[in-house]
Amino acid sequence: MTEVVTFLSDYGYEDDFVGVCHAVIAKLAPDVRVIDLNHGLPRHQVRPAALALRNALPYTPAGVHLAVVDPEVGAERRAIAVRTAEEDRLLVGPDNGLLALAAERFGGAVEAVEIGRSPWRLEPVSHTFHGRDIFAPVAAYLASGWALAEAGEPIDASDLAGLELPRPRHEDGALVAHVLTVDRFGNAALNVGHDDLADSGLRLGRPVLLEAGAGRRRRAQYAVTFADVAPGELLVYEDAWRTLAVAVNRGNAARELALRPDSELRLRPEE
Amino acid sequence: MTEVVTFLSDYGYEDDFVGVCHAVIAKLAPDVRVIDLNHGLPRHQVRPAALALRNALPYTPAGVHLAVVDPEVGAERRAIAVRTAEEDRLLVGPDNGLLALAAERFGGAVEAVEIGRSPWRLEPVSHTFHGRDIFAPVAAYLASGWALAEAGEPIDASDLAGLELPRPRHEDGALVAHVLTVDRFGNAALNVGHDDLADSGLRLGRPVLLEAGAGRRRRAQYAVTFADVAPGELLVYEDAWRTLAVAVNRGNAARELALRPDSELRLRPEE
Amino acid sequence: MTEVVTFLSDYGYEDDFVGVCHAVIAKLAPDVRVIDLNHGLPRHQVRPAALALRNALPYTPAGVHLAVVDPEVGAERRAIAVRTAEEDRLLVGPDNGLLALAAERFGGAVEAVEIGRSPWRLEPVSHTFHGRDIFAPVAAYLASGWALAEAGEPIDASDLAGLELPRPRHEDGALVAHVLTVDRFGNAALNVGHDDLADSGLRLGRPVLLEAGAGRRRRAQYAVTFADVAPGELLVYEDAWRTLAVAVNRGNAARELALRPDSELRLRPEE
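Residues numbered from 1 in each chain as written. Chains lettered and ligands numbered in written order. Predicted model: local features only at pLDDT ≥ 70, side-chain atom pairs only at ≥ 80, totals over all residues. Heavy atoms only, no water.

Peer 1: An account of the interface of chain A and chain B is needed here, citing residue identities and associated values.
Peer 2: For interface size, the figure often reported is the accessible area lost on association. Across the contact, 23 residues belong to chain A and 27 residues belong to chain B. Taking both sides of the interface into account, the surface hidden between chain A and chain B amounts to around 2,200 Å²; carbon and sulfur atoms contribute 57%. Counting the surface chain A buries against chain B, the share from its top three residues, Arg 33, Tyr 59 and Arg 184 of chain A, is 28%. Counting every contact that joins chain A to chain B gives one salt bridge. For Arg 184 of chain A, the salt bridge identified is with Asp 15 of chain B, shortest N-O distance 3.1 Å. Our enumeration of links across chain A and chain B arrives at 10 residue pairs in polar contact (both at pLDDT 80 or more). Taken together, the elements giving at least two residues each to the side of chain A that touches chain B come down to strand S2 (33-38) and helix H2 (46-56) of chain A. Sorting elements by how many residues they give to the side of chain A that touches chain B places S2 of chain A first, with five residues. (Contact = heavy atoms within 4.5 Å. Buried area = accessible area lost by both parts, 1.4 Å probe. Salt bridge = Lys/Arg side-chain N within 4 Å of Asp/Glu carboxyl O. Polar contact = N/O pair within 3.5 Å; in protein donor to acceptor, adjacent residues only side chain to side chain. Helix = DSSP H or I, 4+ residues; strand = E, 2+ residues; numbered from the N terminus.)

Here it is as structure tokens:
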């Protein structure tokens, strides 16, 4: 069976970055298959990429998972490769929190190496393109079956950069949530997962009062899908990743409610 | 020989949708190869995608052809997989007309199953991402050699959603055509195929009077290629899919003639 | 080992062009692997694509290298396939200079054929989509092991279209450079390679006076990486391809200095 490298980044599609990383992997590991998860992530923003990686990985074959969103490339942050407790997933990328949620999803990191001076790196290592010179080669070797321990210097797997997500809380009969990400349609994903919903007091098909910043108050419906509300109306729904989200059917909820990542949003069930 | 899944959608390149569908297929069918035909199709517009699929499929290996442009996801439309009369092509997608032109191109559908509750679907099926939860898994299993009949419930292959294209007609010495699609350069493809051209009265290298809405009248040349007319001038030509199209050399014909999908355009050969 | 075709173009991601070329190759050569280098190159501009191809190829496996940026498709330019002196790289594309820098990088072309009427072309050859009808099929056959000489008519390998890049020069104590390309962040790559730097008088960590057109004079720092200067400040640095470039940390150097491709920029080391 072909070994798989999945690849996620903020490199975009206008430049050669993604293609050259593919080339590097193909040259070092001709039989490895690369699956692009997404390269259109918002530039230099670690959190949406960390969430996307965590959400996508359960759908991918176990393998090597390369992720590069690296605003501090060339500066002090470490480059790492880690093994997860469950399924032996290997995560490769910068140690800036990008890998944290995915590692957590698979039971946490149980082995970690610093790969900034990996014997597999391409010399001379550029100061701006570690995807090509460090991360892709390490992913290629690991997918070819080389041992993680040979990728670089062992480091403490319990001491990697984390990524704190705000937790939802209950206050005055409202669920106090925060926006995690806003997509290009203005749909806002909240820090409320499927399991948090049990206690939320929200009931499917019932109205919800939304209280956003600057005194914005709007009525929404807790619905299954967009088509359950009229065009232009707000809905609260579980998105495809089972995360609570806010949208306007054929509209833009983020604009309507002035939501951005980290915005607070209160959801109050209406009788 | 590797089995092939081709994949076309309106998912775009900013989100994880395409990558996660790739992941699902790779996980269920590790040896299957996925060929992306296009994911930049206009969002939620069935007709341009149905035309693109019909145009592209003759160039692809026979296999499983996954297509997802699904404005009614989560609502009543059926999810289907069909086999074509010629070449045993297997088409997978929503039953909203998206597959109709491609099926027709290969002799029509001769077997069809409803796959909304396919045994191969991923549970829990989300309300918004059937690409991941229904269509990709079914494509993966079919490409792995499982029988179409096992994908779901048999349905009447002659009762699938169709897609009516306007037919060109002759009137007062003019060819009355309609715009099918407008690309990002403003080139407008018409509902006039290579075979319709025989009776059109148009002659290569000769001028054509174009009559668009709101009394817009412009002279164009029936040319082989853009370079046959001066920059800024209109031409009528057979595009790469052998469909009659209207363009401005280094300009924007749709803007010049106020053309949109379904706009009527009269072409009158000039002596 | 799987044979590889790398593929670079200005086809973009909104249309079917890239996907259909993939399909054609998969149909003719099922076991060949296609690696997309970049399809987001600026439309119809040969030089940035020729530079991108030259820069990327050393990182790819040796194989067939398909490149299509073809503003004169349908007109007089030849379609060619060439073999390089070093590594037996096979380059396929239009004879408009696109392949020139890559060929040079591998010791020059030693064998060349005109493929406009290749026996492997798809009939009828369209007037606008030679990627599908000529270049992709030729790449597929070559990657399958067919001989270059069978791809078409032999032509003089020393008589292919070249691509002249301006040379940097020294004048009045300044390094007179020209802009080769400007990326979407406004970073401008100059015609100064790693080897030209030795004589430049520039010293890492020292200030450089930049003199652009219209009397624009700005102080920059010759730095290793963006983080070496404060946000908003200009830097001169070696980019990931070891080419001298000008940028503003978190800003847009091209706008600040009114730089475009071919703009002259004088760099004067400051004491």
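Peer 1: Explain the packing of aromatic side chains to me, using residue names and the numbers behind them.
Peer 2: The tally for this structure, following the rule as stated, stands at 31 aromatic pairs over all chains. Each ring, one from Tyr 59 of chain A and one from Trp 241 of chain A, has its centre 5.9 Å from the other, and the planes form 75°; the classification is edge-to-face. Here Tyr 59 of chain A is found in the loop between H2 and strand S3 (64-68), whereas its partner Trp 241 of chain A is found in the loop between strand S13 (234-238) and strand S14 (243-248), with 182 residues between them in sequence. Judged by centre distance (6.1 Å) and plane angle (70°), the rings of Trp 120 of chain C and Trp 146 of chain C are edge-to-face. Taken as a pair, Trp 120 of chain C in the loop between strand S6 (109-114) and helix H4 (130-143) and Trp 146 of chain C in the loop between H4 and strand S7 (153-155) lie far apart in primary sequence, 26 residues in all. Using a relative accessible area of 43% as the deciding quantity, one classes Trp 146 of chain C as partly exposed. Counting every residue linked through ring pairs, the aromatic cluster contains Tyr 59 and Trp 241 of chain B together with Phe 7, Tyr 11, Phe 17 and Phe 129 of chain C. Directly above the ring of Trp 241 of chain A sits Arg 132 of chain B, whose terminal nitrogen or CZ lies 4.8 Å from the centroid. (Phe/Tyr/Trp six-rings, centres within 6.5 Å; stacked < 30°, edge-to-face > 60°. Buried < 20%, exposed > 50% of the residue type's maximum accessible area, 1.4 Å probe, protein only. Lys NZ or Arg CZ within 6 Å of the ring centre and 35° of its normal.)

Peer 1: Outline the relation of the copies chain C and chain A, listing residues and values.
Peer 2: Rotating chain C by 120° about the axis while translating it 0.0 Å along that axis superimposes it on chain A, leaving an RMSD of 0.0 Å. Here the transformation between the copies is reduced to the relation of a three-fold axis. Across chain C, the rotation axis passes nearest the C-alpha of Tyr 13 of chain C, at a separation of 4.8 Å. Comparing interface residues between copies, only 4% of those in chain C also lie at the interface in chain A; the contact surfaces differ. (Least-squares fit on C-alpha atoms with pLDDT ≥ 70 in both.)

Peer 1: Describe the packing of helix H1 (residues 17-28) of chain C against H4 of chain C, with residues and values.
Peer 2: All names here are of chain C. Look at H1 against H4: their axes get within 9 Å of each other, and the N-to-C directions meet at 40°. When the interaxial angle is binned, H1 and H4 end up oblique. Read as a crossing pair, H1 and H4 show a hand that is right-handed. Taking contact as the criterion, the partners of Val 20, Cys 21, Val 24, Ile 25 and Leu 28 in H1 are, on H4, Gly 131, Arg 132, Ala 136, Pro 137, Ala 140 and Tyr 141. Among the residues forming the contact of H1 with H4, the class breakdown is nine nonpolar, one polar and one charged. (Axes fitted to C-alpha atoms, helices over the stretch in contact; angles between N-to-C directions. Parallel < 35°, antiparallel > 145°, perpendicular 65-115°, else oblique. Left-handed = near helix turned anticlockwise from the far one by under 90°. Nonpolar A, V, L, I, M, F, W, Y, C, P; charged D, E, K, R; others polar.)

Peer 1: I'd like a rundown of the relation of the copies chain A and chain B, residues and numbers included.
Peer 2: At an RMSD of 0.0 Å, chain A and chain B line up after a rotation of 120° and a shift of 0.0 Å along the axis. When you check the interface residues of chain A against chain B, a mere 4% turn up at the interface there too, and the two sides of the contact use different surfaces.

Peer 1: Now, about the environment of Ala 50 of chain B: what can you tell me, with residues and values included?
Peer 2: Residues and elements named next belong to chain B. In this structure, Ala 50 sits in helix H2 (residues 46-56). Residue Ala 50 is classed as buried on the basis of its relative accessible area of 0%. Put simply, Ala 50 and Leu 101 are 51 residues apart on the chain and 6.1 Å apart in space, counted from C-alpha to C-alpha. The residues contacting Ala 50, other than those within four sequence positions of it, are Gly 97, Leu 98, Leu 101 and Leu 163.

Peer 1: Any details on the interface of chain C and chain A? Residues and values, ideally.
Peer 2: Contacts between the two partners involve 23 residues from chain C, matched on the other side by 27 residues from chain A. Of the roughly 2,200 Å² buried between chain C and chain A on both sides combined, carbon and sulfur atoms contribute 57%. The three residues of chain C that bury the most area against chain A are Arg 33, Tyr 59 and Arg 184 of chain C, which together make up 28% of that side's buried surface. Where chain C touches chain A, the interface holds one salt bridge. Counting across the chain C and chain A interface gives 10 residue pairs in polar contact (both at pLDDT 80 or more). With five residues, strand S2 (residues 33-38) of chain C is the largest single contributor of residues to the side of chain C that touches chain A. Each residue belonging to the side of chain C that touches chain A can be placed in one class, and the counts come to 13 nonpolar, four polar and six charged.

Peer 1: Give a detailed account of helix H4 (residues 130-143) of chain A, specifying residues and quantitative values.
Peer 2: An α-helical turn contains 3.6 residues, so a residue and the one three or four places further along point in the same direction. Across its 14 residues, H4 of chain A extends 18 Å between first and last C-alpha, which sits within 8% of the 20 Å expected from 1.5 Å per residue. When the local axis directions of H4 of chain A are compared, the greatest deviation, roughly 30°, occurs at Ala 136 of chain A, which is followed within four positions by the proline Pro 137 of chain A. (Expected span 1.5 Å × (residues − 1). Bend = angle between axes of the 7 residues up to and from the residue.)

Peer 1: Go over the confidence of the model for chain A with me, naming the residues and quoting the values.
Peer 2: Caution applies to low-pLDDT parts of the model: their predicted coordinates are not meant to be read in detail. The predicted model of chain A averages 94 in pLDDT, with 99% of residues at 70 or higher. Two summary scores accompany this predicted model of the complex, namely pTM at 0.94 and ipTM at 0.93. (pLDDT = per-residue confidence, 0-100.)

Peer 1: Before we move on, can you summarise the sheet that holds S2 of chain A with the specific residues and values?
Peer 2: Residue and element names in this part refer to chain A. Spatial ordering of the open sheet is given by S2-S1-S3-S5-S4-S6-S7, a layout of seven strands whose pairing is mixed. The open sheet terminates on both sides in strands that have one partner only, identified here as S2 and strand S7 (153-155). Going from strand to strand, the sheet's axes swing by 25° on average, the running direction of each strand aside. In this structure, S3 lies alongside strand S5 (residues 90-94), joined through three bridges in parallel fashion. Paired with Leu 66 across the strands is Val 92, a residue of S5. Lying over the sheet, helix H1 (residues 17-28) contacts strand S1 (4-9), S2 and S3, oriented at roughly 160° with respect to S1. (Pairing = 2+ DSSP bridges.)

Peer 1: A description of the pattern of salt bridges should follow, citing residues and the corresponding values.
Peer 2: Across all of its chains, the model carries 48 salt bridges over all chains by this definition. Linking Asp 133 of chain C and Arg 132 of chain C is a salt bridge whose minimum nitrogen-to-oxygen distance equals 2.7 Å. As far as the burial class goes, Asp 133 of chain C and Arg 132 of chain C line up, both buried. Glu 211 of chain C is paired through a salt bridge with Arg 268 of chain C; the nearest N and O atoms lie 3.0 Å apart. In this pair, Glu 211 of chain C is assigned in strand S11 (residues 207-211) and Arg 268 of chain C in strand S15 (residues 264-269), connecting sequence segments 57 residues apart. One network of salt bridges, in which partners are shared, links Arg 169, Glu 171, Glu 264 and Arg 266 of chain A.

Peer 1: Tell me about the pairing of S2 of chain A, and please be specific about residues and values.
Peer 2: Residues and elements named next belong to chain A. Taken across its six residues, S2 has five buried, putting it largely inside the fold. Relative to S2, S1 is paired through five bridges, and the arrangement is parallel. Along S2, the bridge assignment pairs Val 5 with Val 34. You can see the chain leave S1, run along H1 and come back into S2, and the turn it takes is right-handed. (Right-handed = clockwise from strand over helix to strand, strands pointing away.)

Peer 1: Tell me about the sheet that holds S6 of chain C, residues and numbers included.
Peer 2: Residue and element names in this part refer to chain C. A sheet is described by the order of its strands in space; here seven strands give the open sequence S2-S1-S3-S5-S4-S6-S7, paired in mixed fashion. In the strand order of this sheet, the two ends are held by S2 and S7, each with one partner. Between one strand axis and the next, the sheet turns by 25° as a mean value, whatever way the strands run. Where strand S1 (residues 4-9) and strand S3 (residues 64-68) come together, five bridges link them in parallel fashion. By the bridge assignment, Thr 6 is partnered in S3 with His 65. Against the sheet, helix H2 (residues 46-56) touches S1, S2 and S3, its axis set at about 150° to S1.

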